[in-house]
Amino acid sequence: MAVDQSDSASRRRGRILIADHEQGTTIPLTYLMEQSGYDVRTADSGEATLRIVATYKPDLILLEAMISNPDGFEICQTIRDNPDWAAIRILFVSAMTRDMDVAKGLASGADGYITKPFSNSEIMDHVRKLLEIADGSDE
């Protein structure tokens with residue numbers, strides 16, 4: 001079936017959810033990820049993020065800690081507490097740059113934490129690494 005093939009192709013490429021309330025981040029990140037062949041969705045609130053996670057089932061979430069209702073740390077913890085979402089990789093991409101913010105993000109279950117501003121090569125290195133880990137855990 002064509003739908004199954006399309007879904008399979010999306011899975012091989014990688015599904016990414018970009019969760020950030022700032023279009024100044026989501027627009028260039030979406031472009032970068034799509035140019036790299038990833039299937040991308042975006043969310044601008046915590047509530048939308050969790051709703052999209054439930055229906056889209058991303059392989060990776062690029063998550064801003066300062067997203068609201070709930071915040072990124074709570075979203076991360078909610079995802080980690082749900083066994084159906086255990087394989088989802090989470091990379092904080094945040095303007096919260098203090099050591100304690102990074103530690104809180106990692107303690108909430110994130111697989112990595114990048115602070116803004118970041119370079120395209122830096123974020124792509126993290127994305128590829130985390131998606132390779134996700135592919136390996138599915139086998």
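Refer to the preceding data block for the structure.
The shown structure was predicted, so the numbers you read here are calculated from the model rather than taken from an experiment. (Residues numbered from 1 in each chain as written. Predicted model: local features only at pLDDT ≥ 70, side-chain atom pairs only at ≥ 80, totals over all residues. Heavy atoms only, no water.)

### Re the packing of helix 3 (residues 46–56) against helix 4 (residues 72–81)
Following both chains from N to C, one finds helix 3 and helix 4 inclined at 25°, their axes separated by 10 Å at the closest point. The pairing of helix 3 with helix 4 is recorded here as roughly parallel in orientation. As helix 3 runs across helix 4, the sense of the crossing is right-handed. Between helix 3 and helix 4, the residues in contact are G46, T49, L50 and V53 and I75, T78 and I79, respectively. Within the contact of helix 3 with helix 4, the residues separate by chemical class into four nonpolar, three polar and no charged. (Axes fitted to C-alpha atoms, helices over the stretch in contact; angles between N-to-C directions. Helix = DSSP H or I, 4+ residues; strand = E, 2+ residues; numbered from the N terminus. Parallel < 35°, antiparallel > 145°, perpendicular 65-115°, else oblique. Left-handed = near helix turned anticlockwise from the far one by under 90°. Contact = heavy atoms within 4.5 Å. Nonpolar A, V, L, I, M, F, W, Y, C, P; charged D, E, K, R; others polar.)

### A closer look at helix 2 (residues 23–35)
Taking 1.5 Å as the rise per residue, helix 2 with 13 residues should run 18 Å; its terminal C-alpha atoms sit 18 Å apart, in good agreement. Among the residues of helix 2, T25, T26, L29, T30, L32 and M33 are the ones counted as buried. (Expected span 1.5 Å × (residues − 1). Buried < 20%, exposed > 50% of the residue type's maximum accessible area, 1.4 Å probe, protein only.)

### Remarks on the side chain of D20
Among the structural elements, D20 can be located in the loop between strand 1 (15–19) and helix 2. A polar contact of 2.8 Å, which involves the side chain of D20, links it to the backbone nitrogen of E22. D20 has contacts with T25, T26, A43, D44, E64, I67, V93 and K116, leaving out every residue within four places of it along the chain. (Polar contact = N/O pair within 3.5 Å; in protein donor to acceptor, adjacent residues only side chain to side chain.)

### What about the packing of aromatic side chains?
Tallied over the full model, the rule gives two aromatic pairs. Ring geometry for F73 and F92: centres 5.4 Å apart, planes at 40°, overall tilted. Residue F73 is located in helix 4, and its partner F92 is located in strand 4 (residues 89–94); the two are separated by 19 residues in the primary sequence. The burial state of F73 is the same as that of F92; both residues are buried. (Phe/Tyr/Trp six-rings, centres within 6.5 Å; stacked < 30°, edge-to-face > 60°.)

### Some words on helix 3
Three or more residues of helix 3 are buried, namely G46, A48, T49, L50, I52, V53 and Y56. Remark: K57 follows helix 3 within two positions and exhibits a positive phi of approximately 50°.

### Some thoughts on the side chain of D59
With respect to the secondary-structure elements, D59 resides in the loop between helix 3 and strand 3 (60–63). Polar side-chain contacts of D59 include one of 2.7 Å to the backbone nitrogen of R15.

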